[in-house]
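Observations on chain architecture
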Amino acid sequence: MSNSERKPMPLEFEQPLIVLAQQIEALENQVSDNPGLEPDVARLKDQFETLRRSLYANLRPLDHLAIARHSQRPYAKDYFDRWDPEWIEIHGDRKTADDQAIVVGLLKVGTQRFVAVGTQKGRSLREKQQRNFGMPQPEGYRKALRAFLHAQKFTLPIVTLIDTPGAYPGMAAEEHNQAEAIAVNLLELAGLTVPVVAIVTGEGGSGGALAIGVANRILMLEHSVYSVISPEGCASILWRSADKVAEACEAMKMTAREIHKLGVADEVIEEPLGGAHHDWDLAAHNLLEAILNHLKQLSKLNGNAVRDDRQSKFRKMGTIREAV
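Let me begin by describing the structure that accompanies this report.

Calculation rules
Residues numbered from 1 in each chain as written. Predicted model: local features only at pLDDT ≥ 70, side-chain atom pairs only at ≥ 80, totals over all residues. Heavy atoms only, no water. Phe/Tyr/Trp six-rings, centres within 6.5 Å; stacked < 30°, edge-to-face > 60°. Lys NZ or Arg CZ within 6 Å of the ring centre and 35° of its normal. Buried < 20%, exposed > 50% of the residue type's maximum accessible area, 1.4 Å probe, protein only. Helix = DSSP H or I, 4+ residues; strand = E, 2+ residues; numbered from the N terminus. Pairing = 2+ DSSP bridges. 1 Å grid on protein atoms, 1.4 Å probe; cavity = no way out; pocket = protein on both sides within 12 Å on 5 of 7 lines; lining within 4 Å. Points joined across faces, edges and corners; volume = space filled by probe spheres on them. Nonpolar A, V, L, I, M, F, W, Y, C, P; charged D, E, K, R; others polar. Core = buried A, V, L, I, M, F, W, Y, C linked by side-chain atoms within 4.5 Å. Contact = heavy atoms within 4.5 Å.

**What about the packing of aromatic side chains?**
Between two aromatic rings, the relevant description is the distance of the centres plus the angle of the planes. Throughout the structure, instances matching the rule amount to 4 aromatic pairs. Through a chain of ring-to-ring contacts, the aromatic side chains of Tyr79, Phe80, Trp83 and Trp87 assemble into a single cluster. Across the ring face of Tyr75, the terminal group of Arg123 is positioned such that the distance to the ring centre comes to 4.1 Å.

Given below as C-alpha cells:
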C-alpha cells in the first residue's frame, strides 16, 4: 500500500480532531449549494490545525505509547525499502531456523554501506503470527549475531532498528536458551570495533531490545518509548491492576524526551506531525539523515576508539550526580 493510499486510523486521544474533521466534511458537502459557507469551512480548518498542533505538543506518556504501538507505523523493512530498494536480505542463523521477527540486510545508501538489523512486526494476522508479533526467539538473536560478526569481519558499520515489546517469553524460547542468546549478543556488541548506531523506532522493550541495542549512539524517534518492562507489566507488579497503566507510563520515564534527558538516548529524531504513520517517506528521510550524520562522526575514530566509546557510554549510564 502506498503512502497516499493509507489513511491512518485515529487513536483515542485524537477524538476531538475526528469530531472537528467530520464537521468540516459536512460543511464542505454543502458548499456547492451554499457558497456562503466557505468562510465557515476556512475558519474550522484553521481551528483544526491549531488544535492538531496543540494536541501533539502536549501528549501524555500514555499517548506517546499509543503512537509507538500504532498498527500503521512503519517497521524495519519499510525503512530499508525506502533507503535502498535493492537491499539484500540475509536469512537464518545457520544453526536452527530463520526467525522472521528479526530482519537482517546489507544496504548501500550513496557511498555508505552498512549492515542493518531490525525487529519486524507483522500487519495482517497471518504475518503477525509468522513474525511472532515482533518478539524474537533465540534463533532471531543468533541471526542478528551472525550479522554483527559479518560486519566486524568486513569492517562495515551496523545500524539496528528496535521495535519490540520484548523477547518472546514462551516455553520453546526458554528451551532454546533465550537468555544465553541475548547475553552473547550483549557481549559481542560490546566488543565490536565497528560503529554501531541503534534507533528505537517504536517500542524498546526490556532485554529483547537491548540484545540489538548496545551501540555507540542510541537514537529515538519522537514518539518511541524505551523501558525495562511494559507499562502493563509494571502496573500488574506494582499496583496489581491493569487500570494503572497511565500511572506506570508516567513513573517509568519511558518517552524519547525523558530517555534523552537521562542521557541514555543521544538524539530524539523529529517525526511527521501526529507520528511516523502519517508519512512514512518523511519519517524514513529524517531517520536516515540522523543515521548518516552519526556514522560520519564515528568514522573518524579507529577501531579501538570505537569500542572504547561504546563501552564508556554504557558505563556512564545510571551515574548518580550529587546536587550542587
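Past the structure itself, the notes keep going.
**Quick look at the pairing of strand S2 (residues 102-109)**
Extensive coverage of S2 is indicated by the burial of 6 of its 8 residues. As judged from the 3 bridges shared by strand S1 (residues 88-90) and S2, these two strands associate in the antiparallel manner. Residue pairing for S2: Ile88 is matched across the bridge by Leu106. Pairing geometry for S2 and strand S3 (residues 112-119), over 8 bridges, is antiparallel. Each bridged residue has a counterpart across the sheet, and for Val109 the counterpart in S3 is Gln112. What sits between the antiparallel neighbours S2 and S3 is a turn of 2 residues, in which Gly110 has the positive phi angle 65 degrees.

**Topic: empty space enclosed by the protein**
Tallied over the full model, the rule gives 1 cavity of 30 Å³ or more. Of the voids in this model, the largest cavity is the one considered here, and its volume is about 60 Å³. Together, 13 residues line the largest cavity, and Glu203, Gly205, Ser227, Ser230 and Pro231 are the ones closest to its centre. Mapped onto the lining of the largest cavity, the elements with two or more residues apiece are strand S5 (196-205) and strand S7 (225-227). Looking at the lining of the largest cavity element by element, the count peaks at 3 residues for S5. Broken down by class, the residue content of the lining of the largest cavity amounts to 6 nonpolar, 5 polar and 2 charged.

**As for the nonpolar core**
Membership of the largest hydrophobic core comes to 34 residues, with the highest contact counts inside it found for Val117 and Phe148. Contributing elements (two or more residues each) for this core: S2, S3, helix H6 (138-153), strand S4 (158-164), helix H8 (178-191), S5, strand S6 (217-221) and helix H12 (256-261). Element by element, the count of residues in this core is highest for H6, at 5 residues. With sequence-adjacent residues up to four places away left out, Phe148 is seen in contact with Val117, Ile158, Thr160, Asn185, Leu189, Leu192, Ala211 and Ile212. Core analysis: the second largest hydrophobic core is formed by 26 residues, Val109, Leu161, Ala276 and Leu295 among them.

That's the geometry; what it means functionally is another story.
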